[in-house]
Amino acid sequence: MCTISESDRTIVRSIYPGCFLMDSKLATQRLPFSLLLLIAPFFLWGTAMVAMKGVIPNTTPLFMAGVRLVPAGLLVLLAGIVMGRPQPRGWLAWLWISFFALVDGALFQGFLAEGLVRTGAGLGSVMIDSQPLAVALMALWLFGEKIGLWGWLGLALGVTGISLLGLPDEWILAVLQNHSLPEGWQGGAHLLSDLFQNGQWLMLLAALSMAVGTVVMRYVSHHADPVTATGWHMILGGLPLFALSSQLETAQIVHLDLLNWAAMGYSTVFGSAIAYGLFFYFAASGSLTSLSSLTFLTPVFALMFGNLF
């Protein structure tokens, strides 16, 4: 007789609410599809990074970030209406959605697009997907999710690795070789200016923004439907990006060709609407630490397809 592990039961429960797997044969049939749904957001994010990197030379980052959010949010809302999902009600629901839109919409996509200008899709994806480290710590503090010995060891190694990737090379070499900060190093405004010109640092800020958004989604889901909340947060987060683009950028669409529009369409529909909808649906009900740890798959897909294309 076919059996199914408790961890697999948990995965299926998160995707099929109310299903208690009374029929083990039915559970076995559903499980492969369930696992594909769990992996789908990370595959779509990784390939969307490659598509965005190809468009960057012909457009501007803030405009591209807005295009990736607002149309995708409208698609998610339309899907929610078709599925009969309720709209947010009450000021508390809109307050949480607005905060969600700020951190996971405007800040995440803004830092991501600006960082992608200064780094490759593969390395950028590695930096972006450091967010499970922050999610694990916040989930421990806020929700009491357990981190075992190996979890703490993994976090320590992850923080060390991300630090080596995110800080400028000359800083690390100067400390390792000369046991001092690099010559001409200045703190204050100069330090901030240097960091915000560093693609890896911007990607790290994007990762932290997404980590906060992942945790905030747990609170959002207490006051609003997670699917419609995801749609609204994309629209509300994308509008400021369009506003900033109109003031700070020029020639956003002049050099775009049909292939560029197709790549942005893929990033919008698949890399945002579908990927976000799936991810935050799972984040609203499952283990944040376990779900976020799957984002380490994203750079695998980004490096693979970045090398291919």
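Residues numbered from 1 in each chain as written. Predicted model: local features only at pLDDT ≥ 70, side-chain atom pairs only at ≥ 80, totals over all residues. Heavy atoms only, no water.

### Some thoughts on the overall build of the protein
Reasoning step 1: Looking only at helices and strands, the protein features 14 helices and zero strands.
Reasoning step 2: Reading the secondary structure of the protein in the N-to-C direction produces α-α-α-α-α-α-α-α-α-α-α-α-α-α.
Reasoning step 3: Within the protein, the proportion of its 309 residues that are buried is 49%.
Reasoning step 4: Contacts in the protein between residues far apart in sequence, at least 24 positions, make up 84% of those at least 6 positions apart. (Helix = DSSP H or I, 4+ residues; strand = E, 2+ residues; numbered from the N terminus. Buried < 20%, exposed > 50% of the residue type's maximum accessible area, 1.4 Å probe, protein only. Contact = heavy atoms within 4.5 Å.)

### Some details on the nonpolar core
Reasoning step 1: Within the largest apolar cluster, 48 residues are counted, with the highest numbers of intra-cluster contacts made by Trp-45, Met-64, Leu-112, Val-220, Met-264 and Phe-280.
Reasoning step 2: Those elements giving two or more residues to this core turn out to be α2 (24-55), α3 (61-82), α4 (91-118), α10 (199-223), α11 (226-248) and α12 (258-283).
Reasoning step 3: Of the residues forming this core, the biggest block, 11 residues, is contributed by α12.
Reasoning step 4: Dropping the residues within four chain positions of it, Val-220 is found in contact with Trp-96, Ile-97, Phe-100 and Ala-229. (Core = buried A, V, L, I, M, F, W, Y, C linked by side-chain atoms within 4.5 Å.)

### Details of the side chain of Glu-249
Reasoning step 1: When you line up the elements, Glu-249 lands in the loop between α11 and α12.
Reasoning step 2: Here the side chain of Glu-249 touches Leu-62 through a polar contact of 3.0 Å, landing on its backbone nitrogen.
Reasoning step 3: Setting aside chain neighbours within four positions, we find Glu-249 in contact with Thr-60, Pro-61, Leu-62, Phe-63, Glu-114 and Leu-244. (Polar contact = N/O pair within 3.5 Å; in protein donor to acceptor, adjacent residues only side chain to side chain.)

### Quick word on the environment of Ser-272
Reasoning step 1: Relative to the elements of secondary structure, Ser-272 occurs in helix α12.
Reasoning step 2: Spatially, the C-alpha atoms of Ser-272 and Leu-44 are 8.2 Å apart, while their sequence positions differ by 228 residues.
Reasoning step 3: Here Ser-272 is in contact with Arg-68, Ala-72, Met-234, Ser-267 and Gly-277, once residues within four sequence places are set aside.

### Let's talk about α11
Reasoning step 1: Helix length check: α11, at 23 residues, gives a terminal C-alpha distance of 33 Å against a target of 33 Å (1.5 Å per residue), a fit within 8%.
Reasoning step 2: Measuring from the side-chain oxygen of the N-cap residue of α11 to the backbone nitrogen of Val-227 gives 3.1 Å; that N-cap residue is Asp-225. (Expected span 1.5 Å × (residues − 1).)

### Considerations on the confidence of the model for the protein
Reasoning step 1: Residues with a pLDDT of 70 or more make up 68% of the protein, whose mean pLDDT is 76.
Reasoning step 2: By mean pLDDT, helix α1 (residues 6-15) is the weakest element of the protein at 39, and α11 is the strongest at 94.
Reasoning step 3: Counting interchain partners and residues more than four positions distant, the pLDDT-below-50 stretch residues 1-30 has 32 contacts. (pLDDT = per-residue confidence, 0-100.)

### Remarks on unusual backbone geometry
Reasoning step 1: Even without being glycine, Ala-251 reaches a positive phi, approximately 55 degrees.
Reasoning step 2: Structurally, the position occupied by Ala-251 is in the loop between α11 and α12.
Reasoning step 3: According to the relative accessible area criterion, Ala-251 is partly exposed, its value standing at 36%.

### Some thoughts on the environment of Val-117
Reasoning step 1: Counting through the fold element by element, Val-117 comes out in helix α4.
Reasoning step 2: By relative accessible area, Val-117 is classed as partly exposed at 38%.
Reasoning step 3: Taking the C-alpha atoms as reference points, Val-117 and Met-52, separated by 65 residues in sequence, lie 9.7 Å from one another.
Reasoning step 4: Val-117 has contacts with Lys-53, Ile-56 and Pro-61, leaving out every residue within four places of it along the chain.

### Details of the environment of Met-304
Reasoning step 1: You can see Met-304 is positioned in helix α14 (residues 298-308).
Reasoning step 2: When the C-alpha atoms of Met-304 and Val-50 are compared, they prove to be 9.6 Å apart, with 254 residues separating the residues in sequence.

### Quick look at the packing of α11 against α12
Reasoning step 1: Taken N-terminus to C-terminus, the directions of α11 and α12 make an angle of 135 degrees; their axes are 9 Å apart at the nearest point. Between α11 and α12, the interaxial angle falls into the category oblique. The two elements α11 and α12 cross, and the hand of that crossing is right-handed. Contact residues: α11 offers Pro-226, Val-227, Thr-230, His-233 and Met-234, while α12 offers Ser-272, Ala-273, Tyr-276, Gly-277, Phe-280 and Tyr-281.
Reasoning step 2: Within the contact of α11 with α12, the residues separate by chemical class into seven nonpolar, four polar and no charged. (Axes fitted to C-alpha atoms, helices over the stretch in contact; angles between N-to-C directions. Parallel < 35°, antiparallel > 145°, perpendicular 65-115°, else oblique. Left-handed = near helix turned anticlockwise from the far one by under 90°. Nonpolar A, V, L, I, M, F, W, Y, C, P; charged D, E, K, R; others polar.)

### Comments concerning the packing of aromatic side chains
Reasoning step 1: Scanning the model with the defined rule gives eight aromatic pairs in all.
Reasoning step 2: Ring centres of Phe-43 and Phe-305 lie 5.7 Å apart, and the angle between their planes is 80 degrees; on these two criteria the pair is classed as edge-to-face. Within this pair, whereas Phe-43 is found in helix α2, its partner Phe-305 is found in helix α14, the two being separated by 262 residues in sequence.
Reasoning step 3: Among the aromatic side chains, those forming a connected cluster through ring pairs are Phe-42, Trp-45 and Tyr-276. (Phe/Tyr/Trp six-rings, centres within 6.5 Å; stacked < 30°, edge-to-face > 60°.)

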